[in-house]
Amino acid sequence: MRHASWGLEQGDLLAPGRHVVRALGGGSAYEVFLVWDEGYHALMVAKAVRPDRVGDARTIKDLRREGDALAALGHP
């Protein structure tokens, strides 16, 4: 099954200061990218809600919960 995609490619801006290095995959609700973070000068993984799911309250709630859990890790 083909899922909606933002169509981002290498070099595209995903978010301020974060450029796509390559797509890593994803599922029905999210796309996952390897990105270069200009602020940290490091490679990172970024998860983006698929364009057809941005209005889905459950998808946004689940992503927020995941972000909160990662923020709570607080490692250096």
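Above this text you will find the structure in question.
Residues numbered from 1 in each chain as written. Predicted model: local features only at pLDDT ≥ 70, side-chain atom pairs only at ≥ 80, totals over all residues. Heavy atoms only, no water.

## Concerning the overall build of the chain
Piece 1. When you go through the chain residue by residue, the secondary structure sums to one helix and four strands.
Piece 2. Helices and strands appear in the chain in the N-to-C order β-β-β-β-α.
Piece 3. In terms of its C-alpha atoms, the chain occupies a principal-axis envelope of roughly 35 × 30 × 20 Å.
Piece 4. The buried share among the 76 residues of the chain stands at 17%.
Piece 5. Within the chain, residue pairs in contact and separated by at least 24 positions form 25% of the contacts whose partners lie at least 6 positions apart.
Piece 6. Accessible area of the chain: about 5,600 Å², with a carbon and sulfur share of 55%.
Piece 7. The chain carries 10 positive and 10 negative side-chain charges, and their two centres are separated by 7 Å. (Helix = DSSP H or I, 4+ residues; strand = E, 2+ residues; numbered from the N terminus. Buried < 20%, exposed > 50% of the residue type's maximum accessible area, 1.4 Å probe, protein only. Contact = heavy atoms within 4.5 Å. Areas by Shrake-Rupley, 256 points an atom, 1.4 Å probe, with all protein chains shown as cover. Lys, Arg positive; Asp, Glu negative; His and termini not counted. Charge placed at Lys NZ, Arg CZ, Asp CG, Glu CD.)

## Section: unusual backbone geometry
Piece 1. Of note, the phi angle at His-41 is positive, near 50°, even though the residue is not glycine.
Piece 2. Here His-41 shows up in the loop between β3 (30-37) and β4 (42-49).
Piece 3. On the accessibility criterion, His-41 (61% relative accessible area) is exposed.

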